[in-house]
Amino acid sequence: MKHKVVYPLTLLLALLVYLPAAIQAQTISKEELIFLTAAWKGERFPDGRPKIPDSLMEKARHIGIEEAWTILDNDGYHCQFEGGWKILHPDTPVVGRAVTAQFMPSRPDVEKNILDRGHSKGFKGNTNSWPIQQLTKGDVYVADGFGKIAEGTLIGDNLGNAIFARSGNGVVFDAAARDIEGLADIPGFNAFVRDWDPSYLKNEVLMGLNTPIRIGKAIVLPGDLVLAQREGILFIPAHMAEKVINTAIFIGMKDEFGHAMLKSGKYTPGEIDNQWTDKIKEEFLLWLQQHPGPIQLNRSTLDQYLQGRTW
């Protein structure tokens, strides 16, 4: 038997202020979002979305897709990567917390009801602009636009400027965008899209905001860590972010040390690529003192990282 969760009136009023009523009906409840992301034990936004710390996101800029993907895959997270993108600035990664949006083909009665309700509550314009109002610094607007290209352009340069002003970040669209020249002129903004198209958005409506969505082969939940690089995009569950980031940073430092040892001829590939001896471990710790990285290691933490490794 389900037990009804009762919240104080002050909390309910606070949530109503944070999330306009037009959007509430298109989101999952705070309780459901917390249920789906129950493994996350850290701070949350008022609507329940996991709030990965800024300091952890900054560390994520030092890791690569391959290492992070391997760690997730080894832990059973097999549906977190999607490739095949057109990228506004291929050499500029996008890292941040996901704000998710689900779009569907429109039908007149549904779109009229959604627009009327949204406009009566103060939302302006088409529904593709509404997720922008939920963005905070460090967020990434991630949209399932069902891969639509022609007439599937979720933003142009006007909305691109609005997105960057609120988030300081970029977008990931399983859809298209327009005004590529104007978007490219926004310093710091980046976009991962399926393609570029000059058409306007048409016959498409927002049906879910900060709900679980599908991006290609990947599942994305609100608050997931978005790691978008030239190779593709990895969506890291919030509760896995710290483990993935720190382990991936360690792998990078280990590989850098290994390359240096191989180039110097001090150790053979067989010694570096297998379980390390105590001598190699101690030399690695000495090497780290001269090449400090984003994480600190001692012999105990080194042994923890190396125990049972599959990379």
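Scroll up a little and you will see the structure.
Report on the accompanying structure. (Residues numbered from 1 in each chain as written. Predicted model: local features only at pLDDT ≥ 70, side-chain atom pairs only at ≥ 80, totals over all residues. Heavy atoms only, no water.)

### Considerations on the overall build of the protein
Filter applied, for reference: Helix and strand labels come from DSSP, where a helix needs a run of H or I of at least four residues and a strand needs a run of E of at least two; each type is numbered from the N terminus. In what follows, residue pairs with any heavy atoms lying within 4.5 Å of each other are defined as contacts. Residues scored as positive are Lys and Arg, those scored as negative are Asp and Glu, and His as well as the terminal groups of each chain are ignored. Charge positions come from single atoms, namely NZ of Lys, CZ of Arg, CG of Asp or CD of Glu.
Along the backbone of the protein there are 12 helices and 13 strands. Taken over the C-alpha atoms alone, the protein extends approximately 70 × 50 × 30 Å along its principal axes. Of the contacts formed within the protein by residues at least 6 apart in sequence, a portion of 73% connects residues at least 24 apart. Placing the 33 positive and 37 negative side-chain charges of the protein at their respective mean positions leaves the two points 6 Å apart.

### Remarks on the environment of Asn274
To keep it simple, the criterion reads: With a 1.4 Å probe rolled over the protein chains alone, any residue whose accessible area is under 20% of its type maximum counts as buried; one over 50% counts as exposed, and the rest are partly exposed. Counting of polar contacts relies on pairs of N or O atoms within 3.5 Å, with two restrictions inside protein: one atom must be capable of donating a hydrogen and the other of accepting it, and residues adjacent in sequence are counted only when both atoms are side-chain atoms.
As for its position among the elements, Asn274 is in the loop between helix H10 (269-273) and helix H11 (278-290). Assessed through its relative accessible area of 47%, Asn274 is described here as partly exposed. The spacing of Asn274 and Asn246 is 28 residues in sequence and 21 Å in space, taken between C-alpha atoms. Within the local environment of Asn274, its side chain forms a polar contact with the backbone oxygen of Gly270, the two atoms lying 2.5 Å apart.

### Section: the pairing of strand S9 (residues 204-209)
How we decide: A pair of strands is treated as paired once DSSP finds two or more bridges between them.
With five of its six residues buried, S9 lies for the most part within the structure. Of the pairings in the sheet, the one linking strand S3 (residues 94-105) to S9 comprises five bridges and is antiparallel in character. Within S9, the residue paired with Pro105 across the bridge is Glu204.

### Focus on the pattern of salt bridges
This is how it is decided: Here a salt bridge means any side-chain nitrogen of Lys or Arg lying within 4 Å of a carboxyl oxygen belonging to Asp or Glu.
Counting across every chain of the model gives 20 salt bridges. With its nearest N and O atoms 3.7 Å apart, the salt bridge here joins Glu43 to Lys51. On the accessibility criterion, Lys51 (28% relative accessible area) is partly exposed. Residues Asp91 and Arg230 are paired through a salt bridge, measuring 2.1 Å at the closest nitrogen-oxygen approach. In this pair, Asp91 is assigned in the loop between strand S2 (86-87) and S3 and Arg230 in the loop between strand S12 (225-229) and strand S13 (232-236), connecting sequence segments 139 residues apart. Three or more residues joined by partner-sharing salt bridges are found here, namely Asp278, Lys281, Glu282, Arg299 and Asp303.

### A closer look at the nonpolar core
The nonpolar side chains of soluble globular proteins are, as a tendency, buried together. Note the threshold: Working definition of a nonpolar core: buried Ala, Val, Leu, Ile, Met, Phe, Trp, Tyr and Cys residues. They are joined through side-chain atoms within 4.5 Å.
Counting 40 residues, the largest nonpolar core has Leu225, Ile236, Phe250, Phe284 and Leu297 as the members making the most contacts within it. Elements represented by at least two residues in this core include exactly helix H4 (54-60), helix H5 (65-74), S12, S13, helix H9 (241-264), H11 and helix H12 (299-306). No other element matches the 10 residues that H9 contributes to this core. Ala101, Ile132, Ile155 and Val171 belong to the second-largest nonpolar core, a separate cluster that totals 29 residues.

### Considerations on the packing of H5 against H9
To be explicit about the condition: Helix axes are fitted only over the stretch in contact, all axes being lines through C-alpha atoms; the angle between N-to-C directions runs from 0 to 180 degrees. By the definition adopted for this analysis, an angle is roughly parallel if under 35 degrees, roughly antiparallel if over 145, roughly perpendicular if from 65 to 115, and oblique otherwise. The sense of a crossing depends on the near helix, which, turned anticlockwise from the far helix by less than a right angle, makes the crossing left-handed and, turned clockwise, makes it right-handed. Residue polarity follows a fixed list, in which Ala, Val, Leu, Ile, Met, Phe, Trp, Tyr, Cys and Pro are nonpolar, Asp, Glu, Lys and Arg are charged, and the others, Gly among them, are polar.
The interhelical angle for the contact between H5 and H9, taken along N-to-C directions, is 125°, at an axis separation of 9 Å. With respect to H9, the element H5 is oriented oblique. In this structure, H5 meets H9 at a crossing whose hand is right-handed. In contact with Glu67, Ala68, Ile71 and Leu72 of H5, H9 contributes Val244, Thr247, Ala248 and Ile251. For the contact of H5 with H9, a count of residues per class yields six nonpolar, one polar and one charged.

### Quick word on the pairing of S13
Within S13, five of the five residues are buried, which leaves it mostly tucked inside the rest of the structure. The side-chain alternation of S13 yields two buried faces, one formed by Gly232, Leu234 and Ile236 and the other by Ile233 and Phe235. With two bridges connecting them, strand S1 (residues 81-82) and S13 associate as antiparallel partners. Within S13, the position partnered with Phe81 by the bridge is Leu234. Here five bridges tie S12 to S13, and the two strands are oriented antiparallel to one another. By the bridge assignment for S13, Leu225 is matched with Ile236.

### Side note on helix H6 (residues 108-120)
To be explicit about the condition: Expected helix span is taken as 1.5 Å per residue step, with the number of steps being one fewer than the number of residues. Here, the arc refers to the directions that run from the helix axis to the C-beta atoms.
An ideal rise of 1.5 Å per residue puts 18 Å on 13 residues; H6 measures up with 18 Å between its terminal C-alpha atoms. Burial in H6 covers these residues: Glu111, Ile114, Leu115 and Gly118. For H6, the arc enclosing every buried residue in end-on projection is 95°, short of the 170-degree limit, so these residues lie on one face. Within H6, the exposed residues directed more than 90 degrees away from the buried face are Pro108, Lys112, Asn113 and Ser120.

### Notes on H12
Of the residues making up H12, those classed as buried are Leu302, Tyr305 and Leu306. Looking straight down H12, one finds its buried side chains confined to an arc of 95°; they lie on one side. Residues of H12 that are buried in the fold lie against H9 and H11. Where H12 begins, one side-chain oxygen reaches toward the backbone nitrogen of Ser300, 3.1 Å away; that side chain belongs to Asn298.

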